[in-house]
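What follows is each chain in one-letter form.
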Amino acid sequence: MEMDNTTFGLTMLICGMGGTLLTLWIMSLVMTALGRLFPEKAEPKKEG
Amino acid sequence: MLEAILNGLGGLVAGFQALALDWRSIIMIVIGCILLFLGIKKDCEPLLLVPIGFGCILVNIPLSDLMAKEGFLRVIYDAGVDTELFPLLIFIGIGAMTDFGPVLAQPSTFLLGAAGQFGIFLTLLMALFFGFTKLEAVSIGIIGACDGPTAIYVTSKYAPHLLGAVSVAAYSYMALVPVIQPPIMRAMTTQAERATVMKYKARPVSKTTKILFPLVITILGGLIAPKGLPLLGSIMLGNLMRESGVVSRLTKASENEIANVVTLFLGLCIGATMSGAAFLRPQTLIVLGLGFVAICLDTVCGILFAKGMRVLSGGKINPLIGAAGISAFPMAARVVQREGIKYNKKSYLLMHAMGANAGGQVGSVIAAAVMLSVLAGMGIIS
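A few points on the structure. Every residue gets a number counted from 1 within its own chain, in the order that chain's sequence is written. To read the labels, note that chains go from A and ligands from 1, taken in the order they are written. Confidence filtering applies because this is a predicted model: local features only for residues at pLDDT of at least 70, side-chain atom pairs given and counted only at 80 or more, and all residues used for totals across whole chains, interfaces and linings. Values shown for side chains rest on all heavy atoms present in the structure; no hydrogens or waters enter the calculation.

With that settled, the discussion passes to the interface of chain A and chain B. Contacts between residues were defined by any pair of non-hydrogen atoms, one from each residue, lying within 4.5 Å. Facing 30 residues of chain A, the contacting portion of chain B comprises 42 residues. Defined in terms of a 1.4 Å probe, buried area is the accessible area two parts forfeit on being brought together, summed over both. Three residues stand out in chain A for area buried against chain B, namely A:Phe8, A:Met12 and A:Met31, and they jointly supply 21% of the buried area on that side. Whenever a carboxyl oxygen of Asp or Glu lies within 4 Å of a side-chain nitrogen of Lys or Arg, that contact is scored as a salt bridge. Remark: the boundary between chain A and chain B carries 0 salt bridges. Here a polar contact is taken to be a pair of N or O atoms separated by no more than 3.5 Å, where protein atoms must pair a possible hydrogen donor with a possible acceptor and residues adjacent in sequence count only if both atoms sit in side chains. Counting the contacts that link chain A with chain B gives 3 residue pairs in polar contact (both at pLDDT 80 or more). A breakdown of the residues in the side of chain A that touches chain B according to their chemical character gives 17 nonpolar, 10 polar and 3 charged. Amino acid classes used here: Ala, Val, Leu, Ile, Met, Phe, Trp, Tyr, Cys and Pro are nonpolar; Asp, Glu, Lys and Arg are charged; the rest, including Gly, are polar.

Written as structure tokens, this is what we have:
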């Protein structure tokens, strides 16, 4: 049975927007983790 | 002999006769000229509007058959738009040009890039209300990604007959971001909110993080939304080449030669879809109207999300940066900076807005990818 337009639109809104928010939130966590795992090291001062 | 001469001369005026009989072609040639005027004289996205405008004029000159089988524009269209190759090649160039450093320095701004995509889904609902089919509504909603290549990729795949209208709407409204966004930003925020100074601590990002970012995002995003992997993979490939620093020739070719050639062909092809019969329909006006609404809704939802973050952070966030969570990079970030400084000379929002804007760029691709995967999950696309 074909899905009606209202059900389709609301499903897209919930799954699509929810999925986008969730995916980007997971990605922001991954980026935070990457930043902590591989911090920028200060360059050693050259002597002389 | 005289008859042969008259017939021969008739061939020279046949184009004029055909044009006189088809008012739609005349209007479309005028529209093509307007697009050229906007690109050349007003500097609105000239790289796209000049080839689009010229392609529009070409395809509406009667009897030229440029979009007929084996016509010059049809060959380019079939090779690059029908196969979805052109938007993906442009994405490699965009990835090669984009520095995701600001968003890596402040990963929380990534979420603003998600909020800026609300317009896509709300517009999709509105398009359904206006009687468009499901896949047409998806293609119209994607204008809200504020991202030309994404809109072209999705539309050429699922509603190719709307490609001209959707592309023109996407690129025109992107160029109009500095005009569309400021009134909404002012209407949605108080003077005190707009004047909020956000401190920026430049957190350095290591090269390893910058190299791992495109890899991790590709694998993670590809697993969550495999249908959108061509979009995500191509932008991240470009970025990996940039950040690795070992393939500078490929990076430069992607952001210059390849992107330039593809932009030319893509623009011509979009213009070529704007024949009078296909473009001059009430449907086109509705698509243009809904596209405008989509960009406005993106801005509204981005600002509302930033207001929520402001509450949670105890008033440390200036909600104007929410408006930068769209894909128009770096234009939206500059608009935020310009608006912020109007209300507080000490306010320097650019780096925060750049983070949100880079997030918006990835966010628009992720939104399209998620959308395609949800459609596949529902069995609407294969």
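Below, the discussion takes up the packing of aromatic side chains. All names here are of chain B. Centres within 6.5 Å make a pair out of two Phe, Tyr or Trp rings, where for Trp the six-membered ring is used; the pair is then stacked when the planes are under 30 degrees apart, edge-to-face when over 60, and tilted otherwise. Tallied over the entire structure, the rule returns 4 aromatic pairs over all chains. Consider the rings of Phe100 and Phe213, whose centres lie 5.1 Å apart with planes at 50 degrees: the pair is tilted. Of this pair, Phe100 sits in the loop between α5 (85-97) and α6 (101-105) while Phe213 sits in helix α14 (residues 207-224), placing them 113 residues apart in sequence. An angle of 65 degrees between the planes, with centres 5.8 Å apart, marks the rings of Tyr173 and Phe292 as edge-to-face. Of this pair, Tyr173 sits in helix α11 (residues 163-175) while Phe292 sits in helix α18 (residues 282-312), and the two are 119 residues apart along the sequence. Strands here mean DSSP runs of E at least two residues long; helices mean DSSP runs of H or I at least four residues long; both are numbered from the N terminus.

As a rule of thumb, non-glycine residues mostly have phi less than zero, and peptide bonds are mostly trans rather than cis. All names here are of chain B. Going from Phe329 to Pro330, the amide bond is cis rather than trans, its omega being -5 degrees. For Pro330, the position within the fold is in the loop between α18 and α19 (331-343). The phi dihedral of Glu70 is positive, around 70 degrees, even though this residue is not glycine. For Glu70, the location among the structural elements is in the loop between α3 (46-59) and α4 (72-81).

Attention now moves to the pattern of salt bridges. Oppositely charged side chains are able to pair whenever their charged atoms sit close together. Residues and elements named next belong to chain B. On inspection of all chains with the given rule, the structure shows 8 salt bridges over all chains. Its salt-bridge partner being Lys210, residue Asp99 comes within 3.8 Å of it at the nearest N-O pair. You can see Asp99 sitting in the loop between α5 and α6 and its partner Lys210 sitting in helix α14, a full 111 residues away along the chain. A single network of salt bridges, built from pairs that share partners, joins Arg186, Glu339 and Lys342.

As a further point, take the side chain of B:His352. Residues and elements named next belong to chain B. Along the chain, His352 turns up in helix α20 (residues 350-377). When a residue's accessible area, from a 1.4 Å probe over protein chains only, is under 20% of the maximum for its type it is buried; when over 50% it is exposed; and in between it is partly exposed. The buried category is assigned to His352, whose relative accessible area is 1%. Here Met198 takes part through its backbone oxygen, which lies 3.5 Å from a polar atom of the side chain of His352. For His352, the contacting residues outside a window of four places in its chain are Gln106, Thr109, Met198, Lys199, Tyr200 and Ile321.

Residue and element names in this part refer to chain B. Within the fold, Val262 resides in helix α16 (residues 248-272). Along the chain, Val262 and Gly80 lie 182 residues apart, while their C-alpha atoms are 8.5 Å from each other. When neighbours within four sequence positions are excluded, Val262 is seen to be in contact with Phe86, Leu89 and Ile90.

Our next topic: a nonpolar patch on the surface. Residues and elements named next belong to chain B. Residues enter patches when they are more than 30% accessible in relative terms and free of salt bridges; like-charged ones are connected within 9 Å and nonpolar ones (Val, Leu, Ile, Met, Phe, Trp, Tyr) within 5 Å. We get accessible surface area from the Shrake-Rupley algorithm with a probe of 1.4 Å; when it comes to residues, only the shown protein chains can shield them. On the surface, Met1, Leu2, Ile5, Leu6, Leu9, Leu12, Val13 and Phe16 cluster together into a nonpolar patch covering about 920 Å² of accessible area. The residue Leu6 is located in helix α1 (residues 2-21) in this model. When its relative accessible area of 53% is taken as the criterion, Leu6 is described as exposed.

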